[in-house]
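# Descriptive structure summary
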Amino acid sequence: MRPLLAQLRAELTMLFTNGETLFLTLGIPVVFLLFFSAVHVLPTGTAHPVDFLVPGILALAVMSTSMTALSIGTGFERGYGVLKRLGATPLGRPRLLAAKIGAVIAVEVLQAGVLVAVGYLMGWNPGGPAGSGACVGQALAAMVLGTVAFGGIGLVLAGTLKPLVNLAVVNALFVVLLLLGGMLIPLSKLPVWLADLSRLLPAAALAQALHGTLGRGTPVAARDWVVLAVWAVCAPVVAGLTFRWE
Amino acid sequence: MDHADARLRADSSAPAVECDAVVIRYGDTTAVDRLSFEAHRGEVLALLGPNGAGKTSTVEALEGYRPVSSGTVRVLGLDPGRDHSALVARIGVMLQRGGVYPTLGPAQVLHLFAAYYGDPEDPDALLDQVGLGHVRRTPWRRLSGGEQQRLSLALALVGRPEVLFLDEPTAGVDPEGRIVVRDLVAAQRDKGLCVLLTTHELDEAERLADRVVIVDKGRLLAEGSPTELASGTSDGSVRFSTDPGLDAADLATAIGPGASVVEERPGAYRLRLPPGTETPPVVASLAGWLAERSLSLGNLRTGQSLEEAYLAITGARAESEPDATPTTGRGRARRTRGRTARGDR
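Rules used in this analysis
Residues numbered from 1 in each chain as written. Chains lettered and ligands numbered in written order. Predicted model: local features only at pLDDT ≥ 70, side-chain atom pairs only at ≥ 80, totals over all residues. Contact = placed C-beta atoms within 7 Å. Helix = DSSP H or I, 4+ residues; strand = E, 2+ residues; numbered from the N terminus. Buried ≥ 20, exposed ≤ 12 C-beta atoms within 10 Å, placed from the backbone. Axes fitted to C-alpha atoms, helices over the stretch in contact; angles between N-to-C directions. Parallel < 35°, antiparallel > 145°, perpendicular 65-115°, else oblique. Left-handed = near helix turned anticlockwise from the far one by under 90°. Nonpolar A, V, L, I, M, F, W, Y, C, P; charged D, E, K, R; others polar. Pairing = 2+ DSSP bridges. pLDDT = per-residue confidence, 0-100.

Taken together, the 19 residues of chain A in the interface contact 21 residues of chain B. Elements supplying a minimum of two residues to the side of chain A that touches chain B: helix H1 (2-17) and helix H4 (82-86) of chain A.

With that settled, consider the environment of Pro202(A). Residue and element names in this part refer to chain A. When you line up the elements, Pro202 lands in helix H9 (residues 202-216). A tally of 28 C-beta atoms within 10 Å means that Pro202 is categorised as buried. Remark: the alpha-carbon pair of Pro202 and Val227, spanning 25 residues in sequence, is separated by 6.5 Å. Residues in contact with Pro202, not counting those within four places in the same chain, are Gly146, Ala149, Phe150, Val227, Leu228 and Trp231.

With that out of the way, let us pick up the packing of helix H6 (residues 133-158) of chain A against helix H7 (residues 163-180) of chain A. Residues and elements named next belong to chain A. At a closest axis distance of 9 Å, the pairing of H6 and H7 adopts a crossing angle of 150°. As judged from the angle between their axes, H6 and H7 are roughly antiparallel. Handedness of the crossing formed by H6 with H7: right-handed. Judged by residue contacts, Gly154, Leu157 and Ala158 of H6 engage Asn166, Val169 and Val170 from H7.

All names here are of chain B. Phi angles above zero are rare outside glycine, and Ala21 is one such case at about 50°. Backbone geometry places Arg34, a non-glycine residue, at a positive phi of 50°. Its place among the elements puts Arg34 in strand E2 (residues 29-39). On the basis of neighbour counts, which here come to 15 C-beta atoms within 10 Å, the residue Arg34 falls in the partly exposed class.

The subject of this paragraph is the environment of Leu22(A). Residue and element names in this part refer to chain A. Positionally, Leu22 belongs in helix H2 (residues 19-38). Each C-alpha atom of the pair Leu22 and Ala69 lies 9.1 Å from the other, and the pair is 47 residues apart in sequence. Setting aside anything within four residues of it in sequence, one finds Leu22 in contact with Phe16 and Gly27.

All names here are of chain A. Relative orientation of the contacting elements H6 and helix H10 (residues 222-242) amounts to 30°, with a least axis distance of 7 Å. Looking at the two axes, H6 sits roughly parallel to H10. In the packing of H6 onto H10, the handedness of the crossing is left-handed. Along the contact surface, H6 presents Ala142, Leu145, Gly146, Val148, Ala149, Gly152, Ile153, Leu155 and Val156, while H10 presents Leu228, Ala229, Trp231, Ala232, Ala235, Pro236, Val238, Ala239 and Thr242. For the contact of H6 with H10, the per-class residue count stands at 15 nonpolar, 3 polar and no charged.

Attention now goes to the sheet that holds strand E4 (residues 70-75) of chain B. Residue and element names in this part refer to chain B. Taking strand neighbours across the sheet as the criterion, the 3 strands line up as E2-E1-E4 in an open arrangement whose pairing is antiparallel. If you trace the sheet from one side to the other, it starts and ends with E2 and E4, each paired once. For this sheet the average axis-to-axis angle between neighbouring strands, irrespective of direction, equals 25°. When strand E1 (residues 17-26) meets E2, the two strands line up antiparallel, connected through 7 bridges. Paired with Glu18 across the strands is Glu38, a residue of E2.

A few words now on the sheet that holds strand E9 (residues 219-224) of chain B. All names here are of chain B. Pairing within the open sheet is mixed, and its 6 strands lie in the order E5-E6-E7-E3-E8-E9. At either end of the open sheet lies a strand with only one pairing partner, and these are strand E5 (91-94) and E9. The average undirected angle you get between the axes of adjacent strands in this sheet is 15°. When strand E3 (residues 43-48) meets strand E8 (residues 211-216), the two strands line up parallel, connected through 4 bridges. Residue pairing in the sheet places Leu45 in a bridge with Arg211 of E8. Taken strand by strand, helix H6 (residues 145-157) contacts E5 and strand E6 (163-167), and its axis lies near 165° from that of E5.

Residue and element names in this part refer to chain B. Chain-level statistics for chain B give a pLDDT mean of 84 and a share of 85% at 70 or above. The spread of mean pLDDT over the elements of chain B runs between helix H13 (residues 328-338), the lowest at 36, and helix H4 (residues 106-116), the highest at 97. Here residues 4-10 is modelled with pLDDT under 50, and outside its nearest four sequence neighbours on either side it reaches 6 contacts, counting other chains as well. Across residues 322-345, confidence stays below pLDDT 50; counting only partners more than four residues off in sequence or on other chains, it has 27 contacts. Here the predicted complex scores 0.81 on pTM and 0.90 on ipTM.

Given below as structure tokens:
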């Protein structure tokens, strides 16, 4: 237990002392939420943009931590030979992975707390069933599936690409999924073929799930569960098969 | 400490590290070619060879990082691949480069690694021992090359290992840092650890190791203590330095029949002796001859340095085994480059 806790502490220290990571995981989501709630330029389709933005940006926050931050950090650790060196210690891969998962969850909890608080400040008022236990429960389950899926994608990239290439690719992917994922711009505003394609990606599936449960107060669509589940199984499996420790 | 000592005593007769006819291939390249050697507790063994000699591959097979194509590797009687989880708690590893979180400082990293082990050294005391007390909080990436190497060494030591693997421990380390590393290595040996290190620098092998295994192209060329290796190919010379422009002929006569004296550089002389000459009387005659003329005597060395032995061994091998492809020249070039380059894959 002591090695795991020490590793978890180190992972959190590195996440919270890294300026780029903080900007990515807290800066961007909070600024987007504040700015686009106040400046009504996005075609959110809701009376108050904040009602669309809080669920969408929660999905964005999950993606930024579990995919982008995890991937960039792990990629550099691999490049610096840290992962190789840890292989010759009693820490072991299961505990290393557990510590990384723990750190991602801790950051996500913090993100969710901050974003919900900022949302309320900006007038977010999820009415009726959106605040119900069933909806919040489904939203949490979707976020867990999304975390696993995005984490797997991040580790596929981190385990195969050179650190700087990975940095570029994972940031580009972040921007693409942000635009196509229905997080800031509703899928209905995309061309139909692009929207159909997006619905197969975990970003849109998670955003749709959160818009439904936390916005309209409707349960997650079966289609979104399936997409999230497939990614949550396949991405980590591919990561496990392709990950190179050196 | 105490139980580690007991464990060391318990099975101290068996070799701590064994390589038996080890072959490691990468595709068509044979990096290690039927290499066999042993290293024991209380001993510092250096794998010495040019870059690309297969040293890192050998060490990484012993550390459990890569499988051997054939042959056997054993560390503390365990299979580094199969018994990896049992072994990692008992070995200390220093990689050739990197291996440390770039944004963490020495104190953070050393405390973290200490938490991986059941009975670690005191991280703060260890930091002072390796001379990093003044940069405890400096991120790794802002440390000098020598400081990074010394932190790597501290990380290898923090779990109180029984076997220490050091891949090029003094590469890129400044002279002061080298002394710290040498003293630490000697201290671990005196505590009963088995230390296996690699180096392409002859001086370092001579200074650090009790026994040297010279490898080239994955094969063992020679094995022995630095003294044994040097005397095994001794050409019976005595080297010394004094004022330039000695009367070489007169000195040669004073030494005895068959002796000759060459001034290799101004003030640096080499006395060639007939085979089988005992050196103490020669040194006595030399000292007497210089004393009569009120000349100083410096840098007296009999036999060869390991460097000369190393070059004689690797050079002789290159000549006796010209490659099928015309690579003799390339082999030499690589050997020369090996003296200064740092990478070794």
